[in-house]
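Listed below, chain by chain, are the residues.
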Amino acid sequence: MKTLAVKLSVVLALAAVILWTAAADAQNGKPPTVKEAMSKLNKGPASLCPLVGKAIKADPPNWDEIQKESKQVLVLADALVKNDPPRGDKAGWDKLAKAYWANAKQLDDAAQKKDKNGAAAAHAKLASSAGCNGCHKAHRN
Ligand code: HEC
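Rules of the game
- Residues numbered from 1 in each chain as written.
- Predicted model: local features only at pLDDT ≥ 70, side-chain atom pairs only at ≥ 80, totals over all residues.
- Heavy atoms only, no water.
- Helix = DSSP H or I, 4+ residues; strand = E, 2+ residues; numbered from the N terminus.
- Contact = heavy atoms within 4.5 Å.
- Areas by Shrake-Rupley, 256 points an atom, 1.4 Å probe, with all protein chains shown as cover.
- Near = heavy atom within 4 Å.
- Polar contact = N/O pair within 3.5 Å; in protein donor to acceptor, adjacent residues only side chain to side chain.
- Nonpolar A, V, L, I, M, F, W, Y, C, P; charged D, E, K, R; others polar.
- Donors = N, O, S within 2.8 Å, 3.2 Å for Na, K, Ca; no water.
- Tetrahedral: all angles 85-135°; square planar, octahedral: opposite > 155°, others 65-115°.
- Buried < 20%, exposed > 50% of the residue type's maximum accessible area, 1.4 Å probe, protein only.
- Axes fitted to C-alpha atoms, helices over the stretch in contact; angles between N-to-C directions.
- Parallel < 35°, antiparallel > 145°, perpendicular 65-115°, else oblique.
- Left-handed = near helix turned anticlockwise from the far one by under 90°.
- Core = buried A, V, L, I, M, F, W, Y, C linked by side-chain atoms within 4.5 Å.

**Some points on the overall build of the chain**
If you tally the helices and strands in the chain, you get seven helices and zero strands. Restricting to contacts in the chain with at least 6 residues of sequence separation, those with at least 24 account for 66%. Carbon and sulfur atoms make up 62% of the accessible area of the chain, which amounts to about 8,400 Å² in all.

**Digging into the site of the ligand**
Residues in close proximity to the ligand total 19 residues, the closest being Lys 35, Met 38, Cys 132, Cys 135 and His 136. Between the ligand and Lys 35, the relevant distance is 2.8 Å, taken from an oxygen atom to a side-chain nitrogen or oxygen of the residue. The contact in question runs from a nitrogen atom of the ligand to an N or O atom on the side chain of His 136, over 2.8 Å. Of all the elements in the fold, those that place two or more residues in the shell around the ligand are α2 (34–42), α5 (90–112) and α7 (129–139). The class makeup of the residues in the shell around the ligand is eleven nonpolar, five polar and three charged.

**A short note on the coordination of the iron atom of the ligand**
For the iron atom of the ligand, the full set of protein donor atoms is Met 38 (SD) and His 136 (NE2), and the range of their distances to it is 2.0 to 2.4 Å. Given six donor atoms and angles of 83 to 180° at the metal, the environment of the iron atom of the ligand is assigned as octahedral. Placement of the pair is Met 38 in helix α2 and His 136 in helix α7, with a sequence separation of 98 residues. Of the residues examined, Met 38 reaches a relative accessible area of 24% and is grouped as partly exposed. On the basis of relative accessible area, His 136 is assigned to the partly exposed category, the value being 28%.

**Looking at the side chain of His 123**
Examined against the element boundaries, His 123 turns out to sit in helix α6 (residues 116–126). What His 123 contacts, discounting residues up to four positions off in sequence, is Cys 49, Val 52, Gly 53, Ile 56 and Leu 107.

**Quick notes on the packing of α2 against helix α4 (residues 63–82)**
Two numbers describe how α2 lies on α4: the axes approach to 9 Å, and their chain directions differ by 150°. Looking at the two axes, α2 sits roughly antiparallel to α4. Helix-helix and strand crossings are classified by hand; for α2 and α4 the assignment is left-handed. In this structure, α2 contributes Val 34, Ala 37, Met 38, Lys 40 and Leu 41 to the contact, and α4 contributes Val 73, Leu 76 and Leu 80. Broken down by class, the residue content of the contact of α2 with α4 amounts to seven nonpolar, no polar and one charged.

**Focus: the packing of α4 against α5**
Where α4 contacts α5, the axes come no closer than 9 Å and their chain directions differ by 165°. In this view, α4 runs roughly antiparallel relative to α5, as classed from their interaxial angle. The interaxial crossing formed by α4 with α5 has left-handed handedness. Residues belonging to the contact of α4 with α5 are distributed by class as follows: 14 nonpolar, three polar and seven charged.

**Some remarks on the nonpolar core**
If you look at the biggest cluster of nonpolar residues, it comprises 26 residues, and the most contacted ones within it are Ile 66, Leu 80, Leu 107 and Leu 126. Counting residues per element, the ones that place at least two in this core are α2, α3 (48–57), α4, α5 and α6. In this view, Leu 80 contacts Val 34, Ala 37, Met 38, Trp 93, Ala 97 and Tyr 100; residues no more than four positions away in its chain are not counted.

Keep in mind that these numbers describe shape and distance, not what the molecule does.
Structure below.
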């Protein structure tokens, strides 16, 4: 139990750092680049998407934490839509970025309603490796 508590506090501390950097960027007024957004969303186990996925599975879930994270996921997904792709055609990018955004929106809506099953389903779509690979193949350098 004690080690679990320690692990949890490490995860929460990391989440706080991520949220803080995302908020600091938002205050600068410039939207994050695709690389910055991807890195904050998906790079490593301490990035937002894996963290929020873990948090949804907790029993009971910490909705305050999940809601903050899902809002940040949505802001970063929005940055994908607003940016041009580093590679590949813009029309294809728009479709994939908007699909990613729609899953992020579904996740945030479910989180705001504290709907555990809905949040888990939306997160599974957001984290689907088919989605990652399809977009990387077409648009990642
Ligand atoms: C809508 C398109 C899209 C989707 C969906 C997407 N990615 Fe990416 N990702 C990119 C692009 C484009 C880059 C390259 C950004 C650059 O280097 O400019 C990238 C880069 C990355 C990077 C490297 C970040 C860095 O710091 O250099 C990681 C890690 C990553 N993606 C993970 C994922 C994972 C995991 C998923 C699925 C859960 C995913 N991505 C889904 C478009 C996407």
